[in-house]
Amino acid sequence: MDFHHFHCMPTFAAKLIRWQKLHGRNHLPWQNTRDPYAIWVSEIMLQQTQVITVVPYYLRFLQCFPDIKSLATASVDEVLALWSGLGYYSRGRNLHRAACFIAEAHNGIFPRDIEVIQELPGIGRSTAAAIAAFAYGERRAILDGNVKRVFARCFGIDGYPGKKRNETLLWQKAEELLPEENKRGEMERYTQALMDLGATVCTRGKPRCVACPLQQDCIALRDNRVDKLPAPRPIRPRPQKETVLLMLMKQGEVLLEKRPASGIWGGLWCLPEMPVSKNVIAYCTLHFGMKVMPLAHMPPLDHAFTHFRLRIHPRPLQVLSYPSATETQAQDDAMWITLDNALKVAIPAPVRKLLMQHGCPQSGQLPLENQLRF
Ligand code: SF4
């Protein structure tokens, strides 16, 4: 290969940039803006959620909270209600906390310095870099799950990418591959290209290598190891825990309790929880002073957390009598709410599933409490 030829070979970045112009996503609602707040919100929502799911949530969020000040003056409940259904609520809580901090410490102006950005709750190195690239055109490397996958495959990097040693290697790679300078907005396009490629071409299952701008360089493709890379998370046995969630129904309303701020589902509205060892009827009498009657059985629901699996035994119950105190007492941490409205507040994903099953059982029966309307 002569020198001239070598010199004309497009770099990794150049290939991606060219591909992004033609095949990337260029009309997402958080694009074509330099507003760091709008970019920040989108990056947080996109952390564990796909673009197509994020879009309506993002639009609604920006409509309610168009800037840092409005977000900072909202209550965390209002923020979580808008987050309801997106999952990973700590993202919403952190967003709110960070907005309050910026309002107070930075006079409501999103920080310009990446070191400061990275210190905000909920923002790691990759998210800070994405914000700096999109909002300020800074030359910063991102490395989210999608990018790790692309790099692991393209450069044939073995080992689980979440492991410190491999991650360090991937970060090095990410830094090396950056466009040399940010001319003509190339940093923004390059950063977007990496995200787009991971989300639309180099997907986890069935990547579309024929449409990939990196197919000539890709080591995984060359060695026929696309399905082996990146290496999966090493399996460690996760303990299984069990719990009972009470679905107390009264005149079409269900009882929700607010979880304490710490622990699983912190700050979310949840069905009351009861230890599996207890008797449901006795527990309701003792705990709520209610007389209850079991409704049709619902099968257990399994939910996986990072560190354990939870088997949830739902217990739908018709409330027959209850102390009037629960009716009148103003309680901040418990409420009766219709199923429709319950789906609009911040509830954990499995509770959402249970309420939806309960509201419209797949068996084609009437909703359970309707069966009891004599
Ligand atoms: S060629 Fe296939 S495996 Fe390699 S980077 Fe492209 S899409 Fe991913």
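Residues numbered from 1 in each chain as written. Predicted model: local features only at pLDDT ≥ 70, side-chain atom pairs only at ≥ 80, totals over all residues. Heavy atoms only, no water.

By nearness alone, every residue bordering the ligand is listed as Arg153, Val201, Cys202, Cys209, Cys212, Gln215, Cys218, Leu221 and Val226. Put simply, the ligand lies in the largest cavity. Of the residues assigned to the shell around the ligand, the class counts are seven nonpolar, one polar and one charged. (Near = heavy atom within 4 Å. 1 Å grid on protein atoms, 1.4 Å probe; cavity = no way out; pocket = protein on both sides within 12 Å on 5 of 7 lines; lining within 4 Å. Sits in = over half its atoms within 2 Å of the grid points. Nonpolar A, V, L, I, M, F, W, Y, C, P; charged D, E, K, R; others polar.)

The next thing to look at is the packing of aromatic side chains. Tallying each qualifying case throughout the model produces ten aromatic pairs. Look at phenylalanine 12 and phenylalanine 155: their rings are 5.6 Å apart centre to centre, the planes differ by 40°, and that puts the pair in the tilted class. Residue phenylalanine 12 is located in helix H2 (residues 12-23), and its partner phenylalanine 155 is located in the loop between helix H10 (145-154) and helix H11 (164-176); the two are separated by 143 residues in the primary sequence. Residue classification places phenylalanine 12 among the buried residues on the basis of a relative accessible area of 12%. A residue is classified by how much of its surface remains accessible, and phenylalanine 155, at 23% relative accessible area, is partly exposed. Taken together, a centroid distance of 6.0 Å and an interplanar angle of 65° make the contact between phenylalanine 151 and phenylalanine 155 edge-to-face. In this structure phenylalanine 151 comes out as buried when scored by relative accessible area, which is 0%. An aromatic cluster is defined as three or more aromatic residues linked by ring pairs; in this entry it consists of Phe12, Phe151 and Phe155. Stacked on the ring of tyrosine 136, the Lys or Arg arginine 112 has its end atom at 4.1 Å from the ring centre. If you follow lysine 250 out to its NZ or CZ, it ends over the ring of tyrosine 322, 4.6 Å from the centre. (Phe/Tyr/Trp six-rings, centres within 6.5 Å; stacked < 30°, edge-to-face > 60°. Helix = DSSP H or I, 4+ residues; strand = E, 2+ residues; numbered from the N terminus. Buried < 20%, exposed > 50% of the residue type's maximum accessible area, 1.4 Å probe, protein only. Lys NZ or Arg CZ within 6 Å of the ring centre and 35° of its normal.)

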